[in-house]
Amino acid sequence: KYYEKSLKIANRKKNRKLLGNILRDKGYVLIKLGNLNEAFSHFKTAFSLLTEIQETAHAGMCWQGIGYIQYLQGKFSASLRSLKKALYMVQYSGHIYCKVTILFYLSVYHVEQELFAEAQKYIKTGLRLAFEQGFEFELAQFRRIQAKRAFKLKKYIKNCLYKGNN
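Residues numbered from 1 in each chain as written. Predicted model: local features only at pLDDT ≥ 70, side-chain atom pairs only at ≥ 80, totals over all residues. Heavy atoms only, no water.

Caption draft 1: Fine view of the packing of aromatic side chains. Using the criterion set out here, one finds seven aromatic pairs in the structure. On the numbers, 5.0 Å between centres and 75° between planes, the contact of Tyr28 with Phe43 is edge-to-face. Highlighted residues: Tyr28 in helix H2 (residues 16–33) and Phe43 in helix H3 (residues 36–52), separated in sequence by 15 residues. The exposure class assigned to Tyr28 is partly exposed, which follows from its relative accessible area of 23%. A relative accessible area of 0% means that Phe43 is categorised as buried. Ring centres of Tyr68 and Tyr105 lie 5.3 Å apart, and the angle between their planes is 65°; on these two criteria the pair is classed as edge-to-face. Taken together, the positions of Tyr68 in helix H4 (residues 56–72) and Tyr105 in helix H6 (residues 96–112) put the pair 37 residues apart, joining distant regions of the chain. Taking the relative accessible area as the measure of exposure, Tyr105 reaches 23% and is therefore partly exposed. Here the aromatic cluster, defined as three or more aromatic residues joined through ring pairs, consists of Tyr68, Phe104 and Tyr105. (Phe/Tyr/Trp six-rings, centres within 6.5 Å; stacked < 30°, edge-to-face > 60°. Helix = DSSP H or I, 4+ residues; strand = E, 2+ residues; numbered from the N terminus. Buried < 20%, exposed > 50% of the residue type's maximum accessible area, 1.4 Å probe, protein only.)

Caption draft 2: Fine view of the packing of helix H5 (residues 76–90) against H6. For the pair H5 and H6, the least separation of the axes is 9 Å and the interaxial angle reads 155°. Accordingly, the angle class assigned to the pair H5 and H6 is roughly antiparallel. The chirality of how H5 crosses H6 is left-handed. Contact residues: H5 offers Phe76, Ser77, Ser79, Leu80, Leu83, Lys84, Ala86, Leu87 and Val90, while H6 offers Cys98, Lys99, Ile102, Leu103, Tyr105, Leu106, Tyr109 and His110. Tallied by class, residues from the contact of H5 with H6 come to twelve nonpolar, three polar and two charged. (Axes fitted to C-alpha atoms, helices over the stretch in contact; angles between N-to-C directions. Parallel < 35°, antiparallel > 145°, perpendicular 65-115°, else oblique. Left-handed = near helix turned anticlockwise from the far one by under 90°. Contact = heavy atoms within 4.5 Å. Nonpolar A, V, L, I, M, F, W, Y, C, P; charged D, E, K, R; others polar.)

In structure tokens form, the structure reads like this:
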């Protein structure tokens, strides 16, 4: 209901930034609902609109959404490329919140793939930025990643020791 109203307002005002952000946000909702193909389509459309008007940071968040979809589909190398593209797009934009969000997803990706040294790099940068900006929710997210990383690392070491004793 609100989505349709928002689209009408954005179209009526010919506000491409608003329209792109609405489509991007709908993509995230569609991911939660499990409609990955439709979400992917929303992110691609939003990306096109936002790059036309040079909204680089918001367009980068579209790539973060695409990377998350690819991750959920098991397309890990494509996911990593998309997430790194997203980070590159927001790197110098001044949108710290977007950068912290993408660093969080890169951290999750690397922890899940048990690439702990890489994960630590993204965790440290994300934590520093989130702390400097006072992003309480994001700080909590990164702390959970650190805990998960520690658990996985401990499990990995145990497996290595167990394999070494056989």
